[in-house]
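Residue-level listing of the chains:
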Amino acid sequence: MADRDGFIWYDGKLVPWREATTHVLTHSLHYGLSVFEGVRAYNTVKGTAIFRLAEHTQRLLNSGKIYMMNIPYSKEVLMEAQLEVVRANKLESCYLRPIAFYGSEKMGISTDGATVHVAIAAWPWGAYLGEEALENGIRVKTSSFARHHVNVTMPRAKLASTYANSILANAEAVEAGYDEALLLDTQGFVAEGAGENLFVIKDGAIYEPEIASALTGITRSSVIQVAKEFGLDVISKRITRDDIYIADEAFFTGTAAEVTPIRDLDNRVIGEGKRGPITEKLQKRFFEIVNGKAPEYEHWLSFI
Ligand SMILES: Cc1[nH+]cc(COP(=O)(O)O)c(CN[C@@H](CCC(=O)O)C(=O)O)c1O
């Protein structure tokens, strides 16, 4: 990722991609406290637009607040910076990665004396779990690793070090021949995917795990809104892994994953073993929205 042409917004200005570097004694590299976002820009029918830019930017600032990191830029500056990065790199569609981290000004656990740096990069990133996954669905394994207890890492924040748990869970699933991991919470109830939120459909109703230990996903909230459009209220409840085994449909949502059907969990085929009809309807509408084909959702699009 380091050796490419382009520009990265770094501490208030665009710098050449290869020059957006940091020292090996960067505090966040050693102690894991950095907060970040995953955002997508789509090549809509009316031009390139970032999807739910304000919500993602607010979540970045919320993540900083939760971890007492004073991000030195306003929401407006960070929103404009993301638009600028897409423009400067001439990207029609892309994935953006804003990150706020403590620099190399000091070592030792305390962050006192370390400077908060902010960088925003963008690059083309297609279907997170593979193009065919969006249609055919993926195979998922329940992880042997639990999602963090809510008093270990703060689940409303996108904290970098949370993802060591996701890395282990995803690696375990892939090594066992699956595409992604599903994590249970410390009490054994379904929490979320390694990098996604989860929805389950049974007898025409849509359910999601109580959000307690999962990230409050922005794609999740978008799909909840879309489901309402179809007269479907998402029911939040404690979900067990075997609820999913006997479900009619299941799918993941995420900025990277978008809406990805799950066809099999732990070698139990879900429904017909392919993208279900309600999943397809929600997915189709989601892609209409992000591609600017739904005027009533245009407020979710920030055109560059
Ligand atoms: C743990 C987790 N849960 C739920 C979500 C969905 O949140 P949202 O993107 O707001 O709908 C994500 C995003 N996962 C990001 C990480 C991808 C990566 O590999 O890096 C993403 O989808 O951008 C998570 O990381």
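This structure is a prediction, so every number in the text was calculated from the model and none was measured.

K.L.:
Quick question: what am I supposed to make of the overall build of the chain here?
P.N.:
Looking only at helices and strands, the chain has eight helices and 17 strands in total. For the chain, whose C-alpha radius of gyration is 19 Å, the value lies close to the compact-globule estimate of 19 Å for 304 residues. With respect to the three principal axes, the spread of C-alpha positions in the chain is 55 × 45 × 30 Å. Buried residues in the chain amount to 53% of all 304 residues. About 13,500 Å² of surface is accessible on the chain, with carbon and sulfur atoms providing 53% of the total. One finds the centroid of the 32 positive side-chain charges in the chain at a distance of 2 Å from the centroid of its 39 negative side-chain charges.

K.L.:
In this structure, what is going on with empty space enclosed by the protein? I would like to understand it.
P.N.:
As enumerated under the stated definition, the model contains two cavities of 30 Å³ or more in all. Computed from the structure, the largest cavity encloses a volume of approximately 50 Å³. R40, Y42, F51, H56, I218, T219, T255, E258 and F286 together form the lining of the largest cavity. Sorting the residues of the lining of the largest cavity by element identifies strand 4 (39-44) and helix 6 (218-229) as the ones contributing at least two each.

K.L.:
Whenever I open this one, the pairing of strand 5 (residues 47-51) confuses me. Can you help?
P.N.:
In regular strands, side chains alternate between the two faces of the sheet. Counted residue by residue, strand 5 has four buried out of five residues, so it is predominantly covered. In this sheet, strand 5 lies alongside strand 4 in antiparallel orientation, the contact comprising four bridges. Opposite A41, over in strand 5, you have I50 as the bridge partner. Between the end of strand 4 and the start of strand 5, which pair antiparallel, lie two residues. As defined by bridge partners, strand 5 adjoins strand 17 (residues 301-303) across three bridges and the pair is classed as antiparallel. Each residue of the ladder has a partner; that of F51, found in strand 17, is L301.

K.L.:
What is the right way to look at the packing of aromatic side chains in this model?
P.N.:
One pair of aromatic rings is described through two measures. These are the centre distance and the angle between the planes. On inspection of all chains with the given rule, the structure shows twelve aromatic pairs. Arranged with centres 4.5 Å apart and planes meeting at 85 degrees, the rings of Y95 and W125 form a pair that is edge-to-face. Linking Y95 in strand 6 (residues 94-102) with W125 in the loop between strand 7 (116-123) and helix 4 (131-136), this pair joins segments that are 30 residues apart in sequence. For Y95, a relative accessible area of 4% puts it in the buried group. Three or more aromatic residues link up through ring pairs in this structure, and these residues are F51, F286, F287, Y297 and W300. Against the face of W300 rests R52, its NZ or CZ located 4.2 Å from the ring centre.

K.L.:
What is the right way to read the packing of helix 6 against helix 8 (residues 277-290) from this model?
P.N.:
Geometrically, a packed helix pair is captured by the angle between its two axes and the distance between the axes. Between helix 6 and helix 8, the least distance of the axes is 10 Å, while the angle of their chain directions is 110 degrees. In terms of orientation, helix 6 lies roughly perpendicular with respect to helix 8. Of the two elements, helix 6 crosses helix 8, and the hand of that crossing is right-handed. Contacts from T219, V223, V226, A227 and E229 of helix 6 reach helix 8 at L282, R285, F286 and I289. A class-by-class count of the residues in the contact of helix 6 with helix 8 yields six nonpolar, one polar and two charged.

K.L.:
Explain the nonpolar core here, please?
P.N.:
The nonpolar side chains of a soluble globular protein tend to be buried, and buried together. Of all hydrophobic cores here, the largest spans 30 residues; its most connected members are I50, M69, I71 and L96. Every element with two or more residues in this core is listed here: strand 4, helix 2 (53-66), helix 3 (75-88), strand 6 and strand 7. When residues of this core are assigned to their parent elements, the largest contribution, six residues, is made by helix 3. I71 has contacts with V35, L60, L61, G64, L78, A100, V116 and V118, leaving out every residue within four places of it along the chain. With 23 residues, the next largest nonpolar core counts V226, I278, I289 and W300 among its residues.

Conventions and cut-offs
Residues numbered from 1 in each chain as written. Predicted model: local features only at pLDDT ≥ 70, side-chain atom pairs only at ≥ 80, totals over all residues. Heavy atoms only, no water. Helix = DSSP H or I, 4+ residues; strand = E, 2+ residues; numbered from the N terminus. Rg over C-alpha atoms; globule rule 2.2 N^0.38 Å. Buried < 20%, exposed > 50% of the residue type's maximum accessible area, 1.4 Å probe, protein only. Areas by Shrake-Rupley, 256 points an atom, 1.4 Å probe, with all protein chains shown as cover. Lys, Arg positive; Asp, Glu negative; His and termini not counted. Charge placed at Lys NZ, Arg CZ, Asp CG, Glu CD. 1 Å grid on protein atoms, 1.4 Å probe; cavity = no way out; pocket = protein on both sides within 12 Å on 5 of 7 lines; lining within 4 Å. Points joined across faces, edges and corners; volume = space filled by probe spheres on them. Pairing = 2+ DSSP bridges. Phe/Tyr/Trp six-rings, centres within 6.5 Å; stacked < 30°, edge-to-face > 60°. Lys NZ or Arg CZ within 6 Å of the ring centre and 35° of its normal. Axes fitted to C-alpha atoms, helices over the stretch in contact; angles between N-to-C directions. Parallel < 35°, antiparallel > 145°, perpendicular 65-115°, else oblique. Left-handed = near helix turned anticlockwise from the far one by under 90°. Contact = heavy atoms within 4.5 Å. Nonpolar A, V, L, I, M, F, W, Y, C, P; charged D, E, K, R; others polar. Core = buried A, V, L, I, M, F, W, Y, C linked by side-chain atoms within 4.5 Å.

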